[in-house]
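# Structure at a glance
For reference, the chains in residue letters:
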Amino acid sequence: MEILSQIWSFLGLLTVLQNVLPTQLLSVLHSCYESIQDFFSPYSYFEIPEFNGYCGVDVNDLYRHVNLYLNSINSSSTCPRLTLSRSKSSKSISYTLAPNHTVNDTFRGHHLSWTHQVDNVQDSVEEKRSFTLKLPKRQRLELLTPYLEHITARAEEFERVSRERRLFTNNGHGSYESGWSSVPFRHPSTFETLALEPELKTQLMDDLTAFSEGKEFYHKIGRAWKRGYLLYGPPGSGKSSLIAAMANFLCYDVYDLELSKVSDNSELRALLIQTTNRSIIVIEDIDCSINLTGDRMTKTRNNHSMHKKNRHVIGDNAENNGRVTLSGLLNFTDGLWSCCGEEKVIVFTTNHKDNVDPALVRCGRMDMHVSLGTCGMHAFKVLVKNYLGLDSHALFDVVESCIRSGGTLTPAHIGEILLRNRRDADVAVKSVLAAMQVKIIGADMDATEGGHEYDDMARTPESIGRRLMESPDNWPEGSPEKKKKKDGSTWEKNVKFLVRLRSLTKSDSGRRGV
């Protein structure tokens, strides 16, 4: 009790001195005490305030990085008290170190700690926040700089992965401060769910990874840190799904550029400047957006006419017509303006690669050309796994035979059939098989001529079976099968092949009691 009374007396004396002594003198005494403590302490302390300077306006970026870093290392395992938060637009929970609490960390075998200091400002409702770093004094010179660089890199990566991604589209006002409008980007497509052959999928993922990690390499070779991809293939081959999977894989924003809304080359450059780093800029159906190839042909004819008639030709300068030109788009993808910002991916899509001007797709602009077409066997199995939850099926061998015989379908076509019949896996697989068989004999399942009864034949396996078992002489006049019969030996081979497939399917159904 005597010791406690002495402690209380000492604390009371300190309170009296604090009220009696001038503030300046108390500040000096406090500084002397901290200096003595630092001299004998084996640790060094570094304070990182929330704002730079004394005005509280300039945000300290290092403070934000430390906050993100402590969130990324899951401080809940080492700190007993955390502040949890979640924004309306995010599904993830953010961890923040509670005021005046400490969390431990390790770096290069040394123990470090962070303390979140929160002090109330006198005569104000505001708070003064800062992080205090404690590390061994003897190793502070060799630890401080690399540790802060480690924190910055880890924080930027965590922010890139955890932040909400956006889908932007140009609103027709690119010359103003903001020419883009955006919505949250929540497309579920991933490389795991894409119906692609494994070799192409691996090649794309490796290329994207090398690009995202190639900052120092691109700077060393003197190239702008950007990458171009040309995706081409028939409608329904998965070009848009691949773009979404690329965005989710890299955690990038997506800018969907509608060229028909861009008035001229100046607005196109303004839109490029307004895009952010770590983004994918997409121009879909590049061959249909504007007549770029026609620009070059028209200009060539005008120049030839000018030399012959020795006069200027109206319309030779497409810029005066107030529209985007091929030259402007080339500068957008590979000119001096293309280096505005870093870590950008430019994607062109087209249904017909031959219709795109060769200058747009040369190496350096479109670095990787990706051909997307109909589904192979591996892609078909991926779709069956996604839609039906099946890893195998007894009719897979029959489907593979159809694929080898030319009955391949696009991912969108197969996906629609599986979606429509997803409640019964056997019916779904047989319906896909029926559509493949129809393609082999030349019938189009979705766009038949005149809406005859063979429109239904393409939609159910039972009807395709009935048609194959019927005599060709009984087929309706004008049907695709009747027309194909006139082609001779090729038609006969296809029919014989389909009859064999029908027998395989029937025997398999009998074995399983279907």
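Please read all numbers here as calculations on a predicted model, not as lab measurements. (Residues numbered from 1 in each chain as written. Predicted model: local features only at pLDDT ≥ 70, side-chain atom pairs only at ≥ 80, totals over all residues. Heavy atoms only, no water.)

### Topic: the packing of aromatic side chains
So the rule is basically this: Centre distance within 6.5 Å is the pairing criterion for rings of Phe, Tyr and Trp, where only the six-membered ring of Trp is used; planes under 30 degrees apart are then read as stacked, over 60 as edge-to-face, and the remainder as tilted. Strands are runs of DSSP state E lasting at least two residues, helices are runs of H or I lasting at least four, and both sets are numbered from the N terminus onward. Buried residues are those whose accessible area, probed at 1.4 Å on protein chains only, stays under 20% of the maximum for their type, while exposed residues exceed 50% and partly exposed ones sit between those limits.
The tally for this structure, following the rule as stated, stands at 12 aromatic pairs. With centroids separated by 6.3 Å and ring planes inclined at 90°, the aromatic side chains of Tyr 69 and Tyr 147 adopt a geometry described as edge-to-face. Taken as a pair, Tyr 69 in helix H3 (residues 61-72) and Tyr 147 in helix H4 (residues 140-162) lie far apart in primary sequence, 78 residues in all. In this structure, Tyr 69 and Tyr 147 share a single accessibility class: buried. Put simply, the rings of Tyr 63, Tyr 69, Phe 107, Trp 114, Phe 131 and Tyr 147 pair up and form one aromatic cluster.

### Let's talk about the packing of helix H13 (residues 377-388) against helix H14 (residues 396-404)
Using the following cut-off: With axes taken as lines fitted to C-alpha atoms, and helix axes fitted only over the stretch in contact, angles between N-to-C directions fall between 0 and 180 degrees. In these notes the angle categories are as follows: under 35 degrees is roughly parallel, over 145 is roughly antiparallel, 65 to 115 is roughly perpendicular, and the rest is oblique. Left-handed describes a crossing whose near helix is turned anticlockwise from the far helix by less than a right angle; the clockwise case is right-handed. For this analysis, residues touch if any pair of their heavy atoms sits within 4.5 Å. Residue type decides the class: Asp, Glu, Lys and Arg count as charged, Ala, Val, Leu, Ile, Met, Phe, Trp, Tyr, Cys and Pro as nonpolar, and the leftover types, Gly among them, as polar.
At a minimum axis separation of 10 Å, H13 and H14 run at an interaxial angle of 135°. Relative to H14, the element H13 is oriented oblique. Note that H13 runs across H14; the crossing there is right-handed. When H13 is examined against H14, the residues Met 377, Phe 380, Lys 381 and Val 384 are found in contact with a partner set consisting of Phe 396, Val 399, Glu 400 and Ile 403. Looking at the contact of H13 with H14, its residues break down into six nonpolar, no polar and two charged.

### Topic: helix H16 (residues 425-440)
Put simply, the test is: For a helix, the expected span equals 1.5 Å multiplied by the number of residues minus one. Contacts described as polar in this section are N or O atom pairs within 3.5 Å, which, within protein, must combine one atom able to donate a hydrogen with one able to accept it, while residues neighboring in sequence count only if both atoms come from side chains.
The terminal C-alpha atoms of H16 lie 23 Å apart, and with 16 residues this matches the ideal 22 Å at 1.5 Å per residue to within 8%. The element H16 is extensively covered by neighbouring structure, given that 12 of its 16 residues are classed as buried. Where H16 starts, the residue carrying a side-chain oxygen 3.2 Å from the main-chain nitrogen of Asp 426 turns out to be Asp 424.

### Describing the sheet that holds strand S7 (residues 110-120)
The test is simple: Strands were regarded as paired on the criterion that DSSP finds at least two bridges between them.
Taken in spatial order, the four strands of this open sheet run S1-S8-S7-S6, and their pairing is antiparallel. Each edge of the open sheet is held by one strand with a lone partner, namely strand S1 (43-49) and strand S6 (102-107). Taking the axes of each pair of neighbouring strands and ignoring which way they run, one obtains an average angle of 25° across the sheet. As paired elements, S7 and strand S8 (residues 127-136) share eight bridges and run antiparallel to each other. When the bridges of S8 are listed, Thr 115 appears paired with Thr 132. H3 contacts S1, S6, S7 and S8 of the sheet and is inclined by roughly 70° relative to S8. Of the strands in this sheet, S1, S6, S7 and S8 are in contact with H4, which crosses S8 at around 130°.

### Some words on unusual backbone geometry
A positive phi is found at Asn 100, a non-glycine position, where the angle reads about 60°. Within the fold, Asn 100 resides in the loop between strand S5 (94-97) and S6. Its relative accessible area of 45% is what places Asn 100 among the partly exposed residues. Not every positive phi belongs to a glycine, and Asp 285 is a case in point at roughly 50°.

### Description of the environment of Glu 159
Topologically, Glu 159 is positioned in helix H4. Looking at Glu 159, the relative accessible area reads 29%, which means it is partly exposed. Once you skip the residues sitting within four places of it in the chain, Glu 159 turns out to touch Arg 64 and Leu 68. Reaching out from Glu 159, the side chain makes a polar contact with the side chain of Arg 64 at a distance of 2.9 Å.

### Description of a nonpolar patch on the surface
For clarity, the cut-off: The residues that make up patches have over 30% relative accessible area and no salt bridge, and they are joined within 9 Å when like-charged or within 5 Å when they are Val, Leu, Ile, Met, Phe, Trp or Tyr. With residues, only the protein chains shown are counted as cover, and all accessible areas are computed by Shrake-Rupley using a 1.4 Å probe. Any Lys or Arg side-chain nitrogen found within 4 Å of a carboxyl oxygen on Asp or Glu counts as a salt bridge.
On the surface, a cluster of nonpolar side chains totalling about 350 Å² of accessible area is made up of Ile 273, Leu 336 and Trp 337. Residue position: Leu 336 is located in the loop between helix H11 (326-334) and strand S14 (344-350).

### Re the sheet that holds strand S12 (residues 253-256)
Taken together, the seven strands give an open sheet; going across it, the order is S10-S9-S12-S13-S14-S11-S15, and neighbouring strands pair in mixed fashion. Looking at which strands have only one partner, the edges of the open sheet turn out to be strand S10 (180-184) and strand S15 (368-371). Between one strand and the next, the sheet's axes are offset by a mean angle of 20°, whatever the strand orientation. Bridge analysis of strand S11 (residues 226-232) against S15 gives four bridges, and the strand direction is parallel. Within S15, the residue paired with Leu 231 across the bridge is Val 370. Packed onto the sheet, helix H7 (residues 239-250) meets S11, S12, strand S13 (279-283), S14 and S15 and runs at close to 170° relative to S14. Across the sheet, H11 touches S11, S13 and S14, and the angle it forms with S14 is around 140°.

### Points about the pattern of salt bridges
Inspection of the entire model under this criterion finds 13 salt bridges. The closest approach of N and O atoms between Asp 61 and Arg 64, which form a salt bridge, is 2.8 Å. Linking Asp 61 with Arg 64, this pair stays in helix H3, spanning three residues, or about one helical turn. The exposure class assigned to Arg 64 is partly exposed, which follows from its relative accessible area of 32%. Overlapping salt bridges bring together Glu 50, Glu 127 and Arg 129 as one network.

### Regarding the confidence of the model for the protein chain
Rule in force here: Every residue gets a pLDDT, meaning the predictor's confidence in that residue, from 0 to 100.
For the protein chain, per-residue confidence averages 78 on the pLDDT scale, and 70% of positions sit at 70 or higher. Counting contacts from residues 306-320, a segment whose pLDDT is below 50, to residues more than four positions away or on other chains yields 16 contacts. A low-confidence stretch, residues 468-473 stays under pLDDT 50, and its non-local contacts, those more than four residues away or across chains, total 11 contacts.

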